[in-house]
Amino acid sequence: MAVTVRDRPALIAEVANCIDAENFDPSKAHKELKDLPWAYFVTTNYDDLLNKDNKFRSIITEDLYLWEGVHSVKKLIYAIHGNLDNPHTLTREDYRCWGERNPRASRRLEDTLFNRTVLFVGYSISDPNFGDILNRVKRIMGDKSLTQKGLAPGLGA
């Protein structure tokens, strides 16, 4: 669906209108994430379905460098493009300038990728912002490169 809007508040309202998360329930996969051994999740999705039943702590980009109380949380979701209340990465310009506008968040996510196991859950792992951070970590780690695993619907067990 293509929509033309003239200002940012109108764009944010249109996104919230198109993604009516209140009328969606988490799927079985959403609910089972709490049972996985990983504590850190990264998502580019705006909805709060991961958090709805799982009682994870979800933090948006501006909060990534604020770690008060984070270590006491069992599961943490990095919502790197915001959420429905604050979808801050929406336009081509937002994506292009993400690293410049969110330098502390970028470094915090990079640090987490160095030191923790992280599961990406979102629209696409090809997200340019997450990809830049992941590639930077891979270059630095060299031969000690990250083990990458993915989960996708329909892959048999």
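Nothing here was measured: the structure is a model prediction, and the numbers come from that model.

Caption draft 1: How the structure looks around a negative patch on the surface. Together, D20, E22, D48 and D85 make up a negatively charged patch on the protein surface. Exposure remark for D48: the relative accessible area of 42% places this residue in the partly exposed category.

Caption draft 2: Examining the packing of helix α6 (residues 103-115) against helix α7 (residues 128-141) more closely. Look at α6 against α7: their axes get within 10 Å of each other, and the N-to-C directions meet at 50 degrees. By the angle class used here, α6 and α7 are oblique. The chirality of how α6 crosses α7 is right-handed. On α7, the residues that touch S106, R107, L109, E110, L113 and F114 of α6 are F130, I133, L134, R136, V137, I140 and M141.

Caption draft 3: View of the side chain of T43. Along the polypeptide, T43 turns up in strand β1 (residues 40-43). In contact with T43, other than residues within four places in its own chain, are L50, I77, Y78, A79, I80, H81, V121 and G122.

Caption draft 4: Fine view of the pattern of salt bridges. Counting across every chain of the model gives seven salt bridges. In this structure, D94 and R8 form a salt bridge, with 2.8 Å as the shortest nitrogen-oxygen distance. In this pair, D94 is assigned in helix α4 (residues 92-96) and R8 in helix α1 (residues 8-18), connecting sequence segments 86 residues apart. According to the relative accessible area criterion, D94 is buried, its value standing at 6%. As a salt-bridge pair, R96 and E93 come within 2.9 Å of each other at their nearest N and O atoms. Separated by three residues within a single helix, R96 and E93 lie in helix α4, roughly one turn from each other. Among the residues examined, R96 registers a relative accessible area of 54% and is labelled exposed. Through salt bridges with shared partners, a single network forms among R8, D94 and R101.

Caption draft 5: The arrangement of the pairing of strand β3 (residues 76-79) in detail. Of the two faces of β3, the one lined by L76 and Y78 and the one lined by I77 and A79 are each fully buried. Bridging between β1 and β3 involves four bridges; their strand directions are parallel. The partner of Y40 across the bridge, within β3, is L76.

Caption draft 6: How the structure looks around the packing of aromatic side chains. A full pass over the atoms with the stated rule returns two aromatic pairs. Aromatic pair Y40 and Y78: ring centres 6.4 Å apart, planes at 20 degrees, arrangement stacked. In this pair, Y40 sits in strand β1 while Y78 sits in strand β3, placing the two residues 38 residues apart along the sequence. The burial state of Y40 is the same as that of Y78; both residues are buried. Ring geometry for F120 against F130: centres 5.0 Å apart, planes inclined by 35 degrees, an arrangement best described as tilted. Residue F120 is found in strand β4 (residues 118-120), and its partner F130 is found in helix α7; the two are separated by 10 residues along the sequence. Owing to a relative accessible area of 3%, F130 belongs among the buried residues under this scheme.

Caption draft 7: Geometry of the pairing of β1. Here β1 shows two buried faces, one formed by Y40 and V42 and the other by F41 and T43. By the bridge criterion, three bridges tie β1 to β4 in an arrangement that is parallel. Paired with V42 across the bridge in β4 is F120.

Caption draft 8: Expanded view of α6. For α6, built from 13 residues, the straight-helix expectation of 18 Å at 1.5 Å per residue is met to within 8% by its first-to-last C-alpha distance of 18 Å. Listed in full, the buried residues belonging to α6 are A105, S106, L109, E110, T112 and L113. The arc enclosing the buried residues of α6, seen along the axis, measures out at 160 degrees, which places them on a common side.

So, how was this worked out
- Throughout, residues of each chain are indexed from 1 in the direction in which the sequence is written.
- In keeping with the predicted nature of the model, local features appear solely for residues at pLDDT of at least 70, side-chain atom pairs appear and are counted solely at 80 or more, and the whole-chain, interface and lining totals rest on all residues.
- Only heavy atoms go into the side-chain values, all of them from the structure, while hydrogens and water stay out.
- Exposure above 30% relative accessible area and the absence of a salt bridge qualify a residue for a patch, where like charges join within 9 Å and nonpolar side chains (Val, Leu, Ile, Met, Phe, Trp, Tyr) within 5 Å.
- Computed with a 1.4 Å probe, the accessible areas rest on the Shrake-Rupley method; for each residue, only the protein chains presented here act as cover.
- Any Lys or Arg side-chain nitrogen located within 4 Å of an Asp or Glu carboxyl oxygen qualifies as a salt bridge.
- Within this scheme the basic residues Lys and Arg register as positive and the acidic residues Asp and Glu register as negative, but His and the chain ends are omitted.
- Here the site of a charge means NZ on Lys, CZ on Arg, CG on Asp, or CD on Glu.
- Think of it in three bands: with a 1.4 Å probe and only protein chains considered, a residue is buried below 20% of the maximum accessible area for its type, exposed above 50%, and partly exposed in between.
- Comment: axis = line fitted to C-alpha atoms, over the contacting stretch for helices; angle = value between 0 and 180 degrees taken between N-to-C directions.
- Going along the chain from the N terminus, every DSSP run of H or I of four or more residues is numbered as a helix, and every run of E of two or more is numbered as a strand.
- If an angle is under 35 degrees, it is roughly parallel; if it is over 145, roughly antiparallel; if it lies from 65 to 115, roughly perpendicular; otherwise it is oblique.
- By definition, turning the near helix anticlockwise from the far helix through less than a right angle yields a left-handed crossing, and turning it clockwise yields a right-handed one.
- It only takes one pair of heavy atoms within 4.5 Å for two residues to be counted as in contact.
- A pair of strands counts as paired when DSSP detects no fewer than two bridges linking them.
- Stacked, edge-to-face and tilted labels apply to pairs of Phe, Tyr and Trp rings (six-membered ring for Trp) whose centres lie within 6.5 Å, assigned for plane angles under 30 degrees, over 60, and everything in between, in that order.
- Here a helix's expected span is defined as the number of its residues, less one, multiplied by 1.5 Å.
- Here, the arc refers to the directions that run from the helix axis to the C-beta atoms.

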